[in-house]
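# Tertiary structure, described
Okay, here's what each chain looks like letter by letter:
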Amino acid sequence: MKTTQIVESVSGTALSLRGDDIDTDRIIPARFLRCVTFDGLEQHVFEDDRLQSGGKHAFDDPARRGAGILIVGRNFGCGSSREHAPQGLLRWGIHGIVGVSFAEIFFGNCVSLGVPCVVLSPADVETLRAEVEKDPHAKVSLDVRTGKVSIGSKSHAYMGIIPEGARQNFLGGTWDPTGMLLQDPDQIRSVAQALPYTRAFSA
Amino acid sequence: MGKNLLQKVWDAHTVRQLPGGQIQLFIGLHLIHEVTSPQAFEDLRRRGWKVLMPERTFATVDHIVPTDDQLRPFRDSLAEEMMSAIEVNCRAMGIPLFDLSDARQGIVHVVGPELGLTQPGMTIACGDSHTSTHGAMGAIAFGIGTSQVRDVLASQCLAMSPLKVRRIRVKNRLTPGTYAKDVILAIIRRLGVQGGVGYAYEYAGEAVEAMSIEERMSVCNMSIEGGARAGYVNPDSTTFEYLKGRPFAPSGAAWDSAVAWWKSMASDADARFDDEVELDGARIKPTVTWGINPGQSVEIDERIPSPSESGADRASIEEALQFMDFRPGAPVSGTKIDVAFIGSCTNGRLSDLREAARVVRGRRVAQGVKALVVPGSKQVRRAAEAEGLHEVFRGAGFEWREAGCSMCLAMNPDKLVGRQVCASSSNRNFKGRQGSPTGRTLLMSPAMVAAAALAGEVTDVRKML
């Protein structure tokens, strides 16, 4: 069985992406889903948004190319369940995301990849954003244990939230849960057996 | 205090509590398609795992399927590679595949219910966000990512956090010319595109109870557009009548015990809900989206909003108006269209095609409008042809295509071009969704799409019925 790593904290320089309800079609347009591996998806992250913003998109800023933390708004990652979206972001270099809120399937996909998404209040996201936009070298750290988000060498930290189930999975190294789910196949079979539809409703 | 359907299904499918506090949930039916499965199979192989219960997974092909020329190899070599991958994977793992040569092929969320694979009280998962569709039959159905597809293949289980349940009661009947699509667009407009995060939606009330299963599917399908991962309607006599005689539905002596169990899984009369919302079905009118998410909609006699109208959403409205190139305060009725698309997992079923054909019969598609009808499955296509619907559409100037996801999502040759405006019966009006990065989508019911195709502009279908 593969044991995954414990994710206690993530840090790096950051990238601020403005806008609410940014859907996964925008993160990875559907034409790039015509593939049988996730390799190379990082080249197409936000491709259409970037073309339309004429080089002014946050992901086109050369000063941010090494960023590891992404700052987003409300309902980030809504829409399609495509894991290609967080896979593309991860391969681009994003290892942690801070935002006002996240769509559920996107959030779950990020957990499966070991990428923590931390929720901050809208006001805190705005202040953090401003600091990040001012200084491309400022280092942002996410503490998975406490949910705290800090920037630079400041002692002040923003109090964020990571839902308990996800937090435990990061800290316990169980964010890739397949091994854990497979621990007791007999128990799975017995739950299946107890469901009348698996026996075609015959007694 | 009684339980709701979600709690009952959850309890019956719980394998154990996981160390992190999540629940290991048994998945009764796993549906896969060509887009979100190849990486999952690859991961399984890499780790040396097998499919635990291959008899509980069914595969179909839909997203990349061309709806005109289906000759293999496909002209798109990437699509051909994906098609080969699912064929090889299903063969190797013993999973039944409804491929293009199979009379059962179609969009995964059309195929599951019509074959009777989808049943009340089940847990269902599929690597597709519109899996919520299956809740129309009283199942709890989740859209999942590829890593979770791998989890289900390997263990027939998912690690899940508990969901809250919001009951949405739509009281009173709908009025003629108003459809299930208008109901779900009204719900999303009211509760917002993120309002359902953390919730499953239970749809209830007279309007929902009066709906056919296909109409309930249109409602449940778009739960995810309101942020809710799952949506369901309690199983009732409409559900049982729909299921009876379908290939994978129980029959003979098993039928009665199945119905008894299905009834027992419905929400109790005194069930508790985490939230309750009520809408008046009689007041809902044909609804059209004007923006870049499914919550940005107006009724047909309303005007497109201006940014100054609502403080909090100002930036979103501005962004949407700019992308759509719409004038704030302009009536939505009269918006010119270039393309009309009837199809998708939201509205590509026989009853959708019938309603659209009722509008189209004896009329002509407006000059300059490209109009296409794409049945949701081969079975839908055959049934529609048996009724002569294809002749109605063709006679009016619509293209009559093969089954697939088509223009809903731009993974196949059916795409918008440039700044085209499309009246669409699909589920998402996101920027670039229909294949042109600058293309524009107006979501509406299939009957409204038909009306728009004939008029060449958005128009009130009620005047044409």
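Residues numbered from 1 in each chain as written. Chains lettered and ligands numbered in written order. Predicted model: local features only at pLDDT ≥ 70, side-chain atom pairs only at ≥ 80, totals over all residues.

## A look at the environment of B:Ser155
As for its position among the elements, B:Ser155 is in helix H5 (residues 146-155). Distance from B:Ser155 to B:Ala386, taken between C-alpha atoms, is 42 Å for residues 231 residues apart in sequence. Beyond its immediate chain neighbours, meaning those up to four positions away, B:Ser155 contacts A:Thr178, A:Leu181, A:Leu182, A:Ile188 and B:Leu52. (Helix = DSSP H or I, 4+ residues; strand = E, 2+ residues; numbered from the N terminus. Contact = placed C-beta atoms within 7 Å.)

## Notes on unusual backbone geometry
Residues and elements named next belong to chain B. That bond from Arg72 to Pro73 is cis: its omega, -10 degrees, falls within 30 degrees of zero. Position of Pro73 among the secondary structure elements: in the loop between strand E4 (57-60) and helix H3 (77-93). Unlike most non-glycine residues, Asp325 shows phi in positive territory, near 60 degrees. Take Asp325: it is sitting in the loop between helix H11 (314-324) and strand E15 (339-342).

## Things to note about the sheet that holds strand E6 (residues 148-151) of chain A
Residue and element names in this part refer to chain A. With respect to topology, 7 strands assemble into an open sheet ordered E4-E3-E2-E1-E5-E6-E7, the strand pairing being mixed. Every other strand in the sheet has two partners, leaving strand E4 (117-119) and strand E7 (157-159) as the edge strands with one partner each. The sheet shows a mean angle of 30 degrees between the axes of neighbouring strands, taken without regard to direction. As defined by bridge partners, strand E2 (residues 69-71) adjoins strand E3 (residues 96-99) across 3 bridges and the pair is classed as parallel. Residue pairing in the sheet places Leu70 in a bridge with Ile97 of E3. (Pairing = 2+ DSSP bridges. Axes fitted to C-alpha atoms, helices over the stretch in contact; angles between N-to-C directions.)

## Overview of the pairing of strand E18 (residues 421-424) of chain B
All names here are of chain B. Side chains of E18 alternate between two faces, with Val421 and Ala423 and Cys422 and Ser424 buried alike. Two elements, E15 and E18, share 3 bridges in a ladder whose sense is parallel. Among the inter-strand pairings, Val339 is bridged to a residue of E18, identified as Cys422. Where E18 meets strand E19 (residues 440-443), 4 bridges bridge the pair, whose relative direction is parallel. By the bridge assignment, Ser424 is partnered in E19 with Leu443. (Buried ≥ 20, exposed ≤ 12 C-beta atoms within 10 Å, placed from the backbone.)

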